[in-house]
Amino acid sequence: MGSVSNQEFPGVCKTEEDEGPSTEEDSQSFHGVGVCKWFNVRMGFGFLSMTNREGVPLDEPVDVFVHQSKLHMEGFRSLKEGEAVEFTFKKSSKGLESQRVTGPDGIHCVGSERRPKGKKVQKRRLKGDRCYNCGGLDHHAKECKLPPQPKKCHFCQSIDHMVANCPIKAQQSSPGSQGKPSFLKGDEEEHSLSAPPPETSD
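Overview of the structure.

Thresholds applied
Residues numbered from 1 in each chain as written. Predicted model: local features only at pLDDT ≥ 70, side-chain atom pairs only at ≥ 80, totals over all residues. Heavy atoms only, no water. Pairing = 2+ DSSP bridges. Helix = DSSP H or I, 4+ residues; strand = E, 2+ residues; numbered from the N terminus. Buried < 20%, exposed > 50% of the residue type's maximum accessible area, 1.4 Å probe, protein only. Contact = heavy atoms within 4.5 Å. Core = buried A, V, L, I, M, F, W, Y, C linked by side-chain atoms within 4.5 Å. Salt bridge = Lys/Arg side-chain N within 4 Å of Asp/Glu carboxyl O.

1. Let's talk about the pairing of strand E5 (residues 95-102)
Note that strand E4 (residues 84-92) and E5 share seven bridges and pair antiparallel. Within E5, the position partnered with lysine 91 by the bridge is leucine 96. Hairpin connection, E4 to E5: the antiparallel pair is bridged by two residues.

This is the structure we're talking about:
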């Protein structure tokens, strides 16, 4: 593999243009100290703000790319914004990239309290899966062994209305029904299953 052309990043580092190709410098790693500038926990990457390079304070902070795979910690790997870090880094075709990131004096990184939200949504979806033909929770309508069933309310199982127009569900979700004891609600549900609810004239 050859060295990366300086034409891709014009004006980034004039000393490299003067010196010409420098494969040794590209592969060489450096030591830096700074803080986490930002980190996306869902995507697993972010940037460090380097304030000290090889023990020499910098006039202005320099951005260094960081990937979650380079973090020295256990469990879910991430960084908290503003967290103090020490790291080794190298120059690459894309800029400065961290190779190993730790907390101060080599301790584990603290990490962010945030976690990706996608997994919770997936669990909720799986929990709500049901057969639209018979209402069973262990299969879908295309796998249902029963013949096509009449459409019915998913809340009280009545064939006279759909769940959107269910009077029992509306009664239970109204503010006045919240104070009812749970055993009374259970009795109402059993009663509604044995006898169809009274028809309401629209």
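Moving on from the model shown.
2. A closer look at unusual backbone geometry
In terms of backbone geometry, most residues other than glycine have negative phi values and most peptide bonds are trans. Of note, glutamate 54 is a non-glycine position whose phi angle comes to about 55°, a positive value. Here glutamate 54 shows up in the loop between strand E2 (45-53) and strand E3 (56-67). A positive phi angle, near 60°, is found at aspartate 105, a position not held by glycine. Along the chain, aspartate 105 falls in the loop between E5 and helix H3 (118-128).

3. Side note on the environment of leucine 146
Counting through the fold element by element, leucine 146 comes out in the loop between H3 and helix H4 (167-173). Classification of leucine 146 by relative accessible area gives partly exposed; the value is 46%. Not counting residues within four places of it along the chain, the set of residues in contact with leucine 146 comprises Asn133 and Cys134.

4. Focus: the nonpolar core
What tends to happen in soluble globular proteins is that the nonpolar side chains get buried as a cluster. Residues Leu48, Leu71, Leu79, Phe87 and Val101 are the most contacted members of the largest nonpolar core, which totals 17 residues. Elements with a contribution of two residues or more to this core: strand E1 (29-40), E2, E3, E4 and E5. Contacts of leucine 48, omitting those with residues within four sequence positions, involve Val35, Cys36, Lys37, Val62, Asp63, Val64, Val66, Leu79, Val85, Phe87, Ser98 and Val101.

5. Observations concerning the pattern of salt bridges
Taken as a whole and assessed by the stated rule, the structure comprises two salt bridges. In this structure, aspartate 63 engages lysine 37 in a salt bridge whose closest nitrogen and oxygen atoms are separated by 3.0 Å. Here lysine 37 lies in strand E1 and aspartate 63 lies in strand E3, a separation of 26 residues in the sequence. Taking relative accessible area as the criterion, aspartate 63 reaches 35% and is therefore assigned partly exposed. Take lysine 37: its relative accessible area is 39%, and that puts it in the partly exposed class. With a shortest N-O distance of 3.0 Å, lysine 80 and glutamate 113 are connected by a salt bridge. Remark: glutamate 113 occurs in the loop between E5 and H3 and lysine 80 occurs in the loop between E3 and E4; sequence separation between them is 33 residues.

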